[in-house]
Amino acid sequence: MKKWTKAILAAICALVLTLSLTACSGGEKPAATTPAPEAPPADAKTAALIADFSAGAEIPEQKEYSWQYDGALDIAMLADALSSISGLDFFVDGRIEDGKAFISWRDESTLVAGLDDRTQKEEFYFFDALSLNWFMMDSLAATVKQNFPAVTEVYYSGENGEPVVFPNPEDMALQGLPVLPVDMPYEGSAFFVAQAVG
């Protein structure tokens, strides 16, 4: 009788222990851990991209975006980054000499070719060519000056070294910039619009 009692008690203890362990674990698999975000490369640096929506207004309307890069920063890299965030084609070639940035807009850039039937990003939606032109020129000039503090003047030209030919020259003339001479620094939309009004 004692043997049976000991055997039954042992079986009950084993059953209670098994049920306890199952209850503690909840019968569920442990939650998967979320992987940590991928760290930027050790040599990555940060540039500032300036989106300038002022379009001739006296008070600037700008948004700044951080952009990581590695290697040596240049104007074409900044232009490509602006293309990426805006969905527009900032296709340029550029160089910096003696505190001056010389930037030529390629013929296939949105500034020269105009806006095609692409879907515009909501944050960078332009209802007219004037505001788009000012946005592209103001944003690139501000971005270059922000990332190269030694640059005090920005000069624009077309792909062939001649003045930029806008797809809407009459409208730009009314805004004070029928043609931007290649030897005249780009002072920003507010400057040219003020000259036209004045």
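Above this text sits the structure in question.
Now for a quick tour of the structure. (Residues numbered from 1 in each chain as written. Predicted model: local features only at pLDDT ≥ 70, side-chain atom pairs only at ≥ 80, totals over all residues. Heavy atoms only, no water.)

### Side note on the nonpolar core
1) Next: One finds W105, M137, L140 and Y156 to be the most contacted residues of the largest nonpolar core, which totals 42 residues.
2) Next: The element best represented in this core is helix α4 (residues 129–147), accounting for nine residues.
3) Next: Contacts of L140, omitting those with residues within four sequence positions, involve A79, L82, F90, V92, I103, W105 and Y156. (Core = buried A, V, L, I, M, F, W, Y, C linked by side-chain atoms within 4.5 Å. Buried < 20%, exposed > 50% of the residue type's maximum accessible area, 1.4 Å probe, protein only. Helix = DSSP H or I, 4+ residues; strand = E, 2+ residues; numbered from the N terminus. Contact = heavy atoms within 4.5 Å.)

### Observations concerning the sheet that holds strand β5 (residues 153–158)
1) Next: The strand order across the open sheet built from three strands is β3-β4-β5, with neighbouring strands paired in mixed fashion. The outermost strands of the open sheet, each flanked by one partner alone, are β3 (92–97) and β5. Each adjacent strand pair in this sheet contributes to an overall mean axis angle of 20 degrees, direction not counted.
2) Next: Bridge analysis of strand β4 (residues 100–105) against β5 gives six bridges, and the strand direction is parallel. In the strand pairing of β5, A101 is matched with V154.
3) Next: Contacts between helix α2 (residues 75–86) and the sheet are confined to β3 and β4, with β3 contributing the most and set at about 140 degrees to the helix. (Pairing = 2+ DSSP bridges. Axes fitted to C-alpha atoms, helices over the stretch in contact; angles between N-to-C directions.)

### Regarding empty space enclosed by the protein
1) Next: All chains considered together, the criterion is met by one cavity of 30 Å³ or more.
2) Next: Counted as a void, the largest cavity has a volume near 30 Å³.
3) Next: What lines the largest cavity is simply S86, G87, L88, R118, T119, Q120, K121 and F124.
4) Next: Tallied by class, the residues present in the lining of the largest cavity amount to two nonpolar, four polar and two charged. (1 Å grid on protein atoms, 1.4 Å probe; cavity = no way out; pocket = protein on both sides within 12 Å on 5 of 7 lines; lining within 4 Å. Points joined across faces, edges and corners; volume = space filled by probe spheres on them. Nonpolar A, V, L, I, M, F, W, Y, C, P; charged D, E, K, R; others polar.)

### Details of the packing of aromatic side chains
1) Next: Taken as a whole, this structure holds 16 aromatic pairs when the rule is applied.
2) Next: Taking 6.0 Å as the distance between ring centres and 45 degrees as the angle between the ring planes, the aromatic pair formed by F90 and W105 counts as tilted. Taken as a pair, F90 in the loop between α2 and β3 and W105 in strand β4 lie far apart in primary sequence, 15 residues in all. Per residue, the accessibility class of F90 equals that of W105, and both read buried.
3) Next: Site record: aromatic cluster; members linked through ring pairs are F53, Y65, F90, W105, F124, F126, W134, F135, Y156, Y186, F191 and F192. (Phe/Tyr/Trp six-rings, centres within 6.5 Å; stacked < 30°, edge-to-face > 60°.)

### Focus on the packing of α2 against α4
1) Next: At their nearest, the axes of α2 and α4 sit 10 Å apart, and the two run at 130 degrees to each other. One way to sum up the angle between α2 and α4 is to call them oblique. The hand of the α2/α4 crossing is right-handed. Contacts between α2 and α4 involve I75, L78, A79, L82 and S86 on the former and, on the latter, F135, S139, L140, T143, V144 and N147.
2) Next: Of the residues that constitute the contact of α2 with α4, the class distribution is seven nonpolar, four polar and no charged. (Parallel < 35°, antiparallel > 145°, perpendicular 65-115°, else oblique. Left-handed = near helix turned anticlockwise from the far one by under 90°.)

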